[in-house]
Amino acid sequence: MRLRHVWQYTLGLVAAASVVACGGGGQSTSEKPSSPSAAPAGQKVDTATAGSVTGMAMIEGMAPANEAIKMNADPVCIKENKGPQLQETYVVGSGGELGNVFVYVKDGLGNYVFDTPTEPLTLDQKGCRYHPHVFGVRVNQPIQIVNSDPTLHNIHALPKANQEFNNGQPIQGMKMTHTFTAKEVMLPFKCDVHGWMNAYVGVLDHPYFAVTGTDGKFELKSLPPGTYTIEAWHEKLGAATEKVTLAEKETKDVMFHFKAPGTATD
Amino acid sequence: MHLFARFVVACTVVLVLAGSLVTSTGSGLAVPDWPTSYGWSMFTFPPAMWVGGIFYEHGHRLIASTVGFLTIVLAVWLWLADPRRWMKRLGAIALGVVILQGVLGGLTVLFFLPTSISTAHAGLAELFFCITVAIAVFSSPGWLRGVARVDDAALRRAALATTILIFGQILVGATMRHSDAGLAIPDFPLMFGGIIPDHWDSKIAVHFAHRVGALVVTLAILGSAARVWSRHRRQRELTGPATLLATLVAVQIVLGAFTVWSRCAVWINSAHVVCGALVLATSLVLTLRSWRVRFADGTVRLEPDTTPDVRTVRLRPDTTSDVRSVRLPPSREASADQRAGA
């Protein structure tokens, strides 16, 4: 009797899973764009009056050492990378400038509308790492994912607002294109073959985003006058926000300070 | 056949280990397609490509296929050679379960490891393991001879309850494992520095339930074992699994502690999963043997029983009787056997 209940439970789970996943289990390489031609009514940015926000991301205190990567699970990865390999979590300049920080306008754009770029961004798997590690893309803008390595990778996106996918690229030079259809900051990628490989993409419906380099600097150009919430996101240190009000043709400078883990808070 | 059944059991233990390594290394989606592997047939996928997480996931699939094949052989063998109708059915059930298990494994890959399917996959693995263990027990010479026919209702209830509790505990553990709650409570034996957690969410609740479950299961095992040791000390068929069960649960608790202390180190975590399966299997053996008296033998021809029906007792020479041995009447247990056999 109990065995029968277990059977029923198991079969029920299978049936439920089948219903939930109906039509979604394939290896499709892209989601269908949500009617890009039907642009909502709204105002276009007047570049003649636009300003910009510049700034820098800094880390206060000593940044933790990046985790060492053991690539011995794949001889090809060892061959492609000479010497000790580290994660790219903390990219820090000599003065505490923090790289790989995604900075974007979180709020304040109102009804402005923007054309969606049609040229694809490239996410490359090279040297058993993702290039770039942190980047931004527009909603409905294609991302071309390339395997430049002479080994296999699986590209596994783990979104919350978009559709998850996991595709294999066993042959060097393989490409696939994917388009995200909903805003999402941040959306992680991982390779389940090489557990250390990870990347993050911010998917936005506007062009006001940037990723800080090793100098910690960023610039958001062509912002129309208004009051904005600017957010800076780091994969380990979390997010920080600042309010900025821009007048016509004005440039404002914003600093983001992240506290290093273990640093005493006020 | 018994030896072959034991071989299937051993292979299933290896399969459980391989499955636990897949989860412990986070390799569940290293091969994104199923039943193919990166477009190749599972059996022609080049070994040179078994790198990183693929080694664990693809290895798990190949071992599972081997166990599936062995189960087909076992089921056919039972169907052709075992006179007991229910054993034929058990073989067929084992085959059905292993097929369903394979399908669940495929579904969990195609749907990106949802907790419900992954947990069902883990739970069904334990059920399949139990079926193979049961087949090995039912085909053993000891079972066919009818040894350990102890008629102890309290032991039967305790052993059965213990086995069910262990299975439930494994399901909670699988839920914890597949919902990334293995370190939801990061310290042991305390919980966030106290006896119970000072804050809660769903992961902490599952983790807490697994710890409470461990306590309950340990008490149940000790209760069953104590019953065996106190009432059936001379029944090695019962004391063996009872002692092994108590030992395994002690090992399991230590492994559980080290799983937390080591921050879910791959091999410790996997050993914890395998040891849990062994605890379940041992409890099942004890349960089946305690229920042996209730199994009718009407359809099976028992092998010649080497155990005499009478007990021989040597008397001291200074007795007044010339008789040096006395035939005692059949014991109460033997009478119960006869009733069951009838």
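Residues numbered from 1 in each chain as written. Chains lettered and ligands numbered in written order. Predicted model: local features only at pLDDT ≥ 70, side-chain atom pairs only at ≥ 80, totals over all residues.

1. A short note on the overall build of chain B
The helix and strand tally for chain B stands at 10 helices and 2 strands. N-terminal to C-terminal, the α/β element order of chain B is α-α-α-α-α-α-α-α-α-β-β-α. Classification of the 342 residues of chain B by burial places 42% in the buried group. Taking the intrachain contacts of chain B between residues at least 6 apart in sequence as the baseline, contacts between residues at least 24 apart amount to 74%. (Helix = DSSP H or I, 4+ residues; strand = E, 2+ residues; numbered from the N terminus. Buried ≥ 20, exposed ≤ 12 C-beta atoms within 10 Å, placed from the backbone. Contact = placed C-beta atoms within 7 Å.)

2. As for the overall build of chain A
Looking only at helices and strands, one finds 2 helices and 18 strands in chain A. Looking at the 266 residues of chain A, the share that counts as buried comes to 35%. Partitioning the intrachain contacts of chain A with sequence separation of at least 6 by distance along the chain shows that 69% fall at a separation of at least 24.

3. So, helix H9 (residues 266-290) of chain B
Because each turn of an α-helix spans 3.6 residues, side chains separated by three or four positions end up pointing in the same direction. Here H9(B) spans 36 Å end to end across 25 residues, near enough to the 36 Å set by a 1.5 Å rise per residue. Most of H9(B) sits out of view: 18 of its 25 residues are buried. (Expected span 1.5 Å × (residues − 1).)

4. Examining the interface of chain A and chain B
Of the residues lining the interface, 23 residues belong to chain A; the matching set on chain B comes to 25 residues. Among the elements of the structure, helix H1 (2-20), strand S9 (153-157) and strand S10 (165-169) of chain A are those that each provide at least two residues to the side of chain A that touches chain B. If one sorts the elements of the side of chain A that touches chain B by residue count, H1(A) sits on top with 5 residues. Across the side of chain A that touches chain B, the residue classes tally to 9 nonpolar, 11 polar and 3 charged. (Nonpolar A, V, L, I, M, F, W, Y, C, P; charged D, E, K, R; others polar.)

5. Regarding the domain arrangement of chain B
All names here are of chain B. According to the domain assignment, chain B consists of domain 1 (1-139) and domain 2 (148-342). Domain 1 puts 22 residues into the contact, and the matching count from domain 2 is 23 residues. Class assignment of the residues belonging to the side of domain 1 that touches domain 2 gives a composition of 11 nonpolar, 8 polar and 3 charged. (Domains from an automatic or database assignment.)

6. Section: the nonpolar core
Soluble globular proteins tend to bury their nonpolar side chains together. Formed by 135 residues in total, the largest nonpolar core has its most connected members in A:Val103, B:Ala94, B:Val133, B:Ala134, B:Ile135 and B:Leu280. For this core, the element with the most residues is helix H4 (residues 115-138) of chain B, which contributes 15 residues. In this structure, B:Val133 is in contact with B:Val9, B:Ala281, B:Leu284 and B:Val285, ignoring residues within four places of it in sequence. One finds B:Met176, B:Ala181, B:Ile185 and B:Val206 within the second-largest nonpolar core, a separate group that totals 5 residues. (Core = buried A, V, L, I, M, F, W, Y, C linked by C-beta atoms within 7 Å.)

7. A short note on the sheet that holds strand S8 (residues 142-147) of chain A
Backbone hydrogen bonds are what pair the strands of a sheet, in a parallel or an antiparallel way. Residues and elements named next belong to chain A. Read from one edge of the open sheet, 4 strands run S6-S5-S8-S11, paired in mixed fashion. Only two strands of the sheet have a single partner each, and these edge strands are strand S6 (129-131) and strand S11 (175-179). Adjacent strand axes in the sheet meet at a mean angle of 20 degrees when their direction is disregarded. As defined by bridge partners, strand S5 (residues 121-126) adjoins S8 across 5 bridges and the pair is classed as parallel. Bridging from a neighbouring strand, Leu121 pairs with Ile143 of S8. (Pairing = 2+ DSSP bridges. Axes fitted to C-alpha atoms, helices over the stretch in contact; angles between N-to-C directions.)

8. As for the sheet that holds strand S17 (residues 238-246) of chain A
Residues and elements named next belong to chain A. Across the sheet, 4 strands lie side by side as S14-S4-S16-S17; this open sheet has antiparallel pairing. Each edge of the open sheet is held by one strand with a lone partner, namely strand S14 (209-211) and S17. Sheet twist, expressed as the mean angle between neighbouring strand axes with direction ignored, is 25 degrees. In this sheet, S14 lies alongside strand S4 (residues 102-107) in antiparallel orientation, the contact comprising 3 bridges. In the strand pairing of S14, Phe102 is matched with Val211.

9. Focus: the domain arrangement of chain A
Residue and element names in this part refer to chain A. The domain boundaries assigned to chain A delineate domain 1 (46-108 + 213-266) and domain 2 (115-205). Taking the mean C-alpha position of each, domain 1 and domain 2 sit 20 Å from one another. Of all elements in the fold, only helix H2 (75-80) and S4 reach the threshold of two or more residues within the side of domain 1 that touches domain 2. Considering each element in turn, the side of domain 1 that touches domain 2 owes the most residues, 3 residues, to H2. Class assignment for the residues of the side of domain 1 that touches domain 2 results in 8 nonpolar, 3 polar and 4 charged.

10. Observations regarding the packing of helix H1 (residues 2-24) of chain B against H9(B)
Each pair of packed helices can be described by the angle between their axes along with the distance between the axes. All names here are of chain B. Two elements in contact, H1 and H9, have axes separated by 9 Å at closest approach and are oriented at 140 degrees. Between H1 and H9, the crossing angle belongs to the class labelled oblique. Here the hand of the crossing between H1 and H9 comes out right-handed. Where H1 approaches H9, its residues Val13, Val16, Leu17, Ser20, Leu21 and Ser24 are matched on the opposing element by Val266, Asn269, Ser270, Val273, Val274 and Ala277. By residue class, the composition of the contact of H1 with H9 is 8 nonpolar, 4 polar and no charged. (Parallel < 35°, antiparallel > 145°, perpendicular 65-115°, else oblique. Left-handed = near helix turned anticlockwise from the far one by under 90°.)

11. Side note on unusual backbone geometry
Residue and element names in this part refer to chain A. Look at the link from His131 to Pro132: it is a cis peptide, with omega at 0 degrees. In this structure, Pro132 sits in the loop between S6 and strand S7 (134-138). The linkage connecting Val185 with the following residue, Met186, adopts the cis geometry, with an omega of -5 degrees. Within the secondary structure, Met186 sits in strand S12 (residues 184-190).

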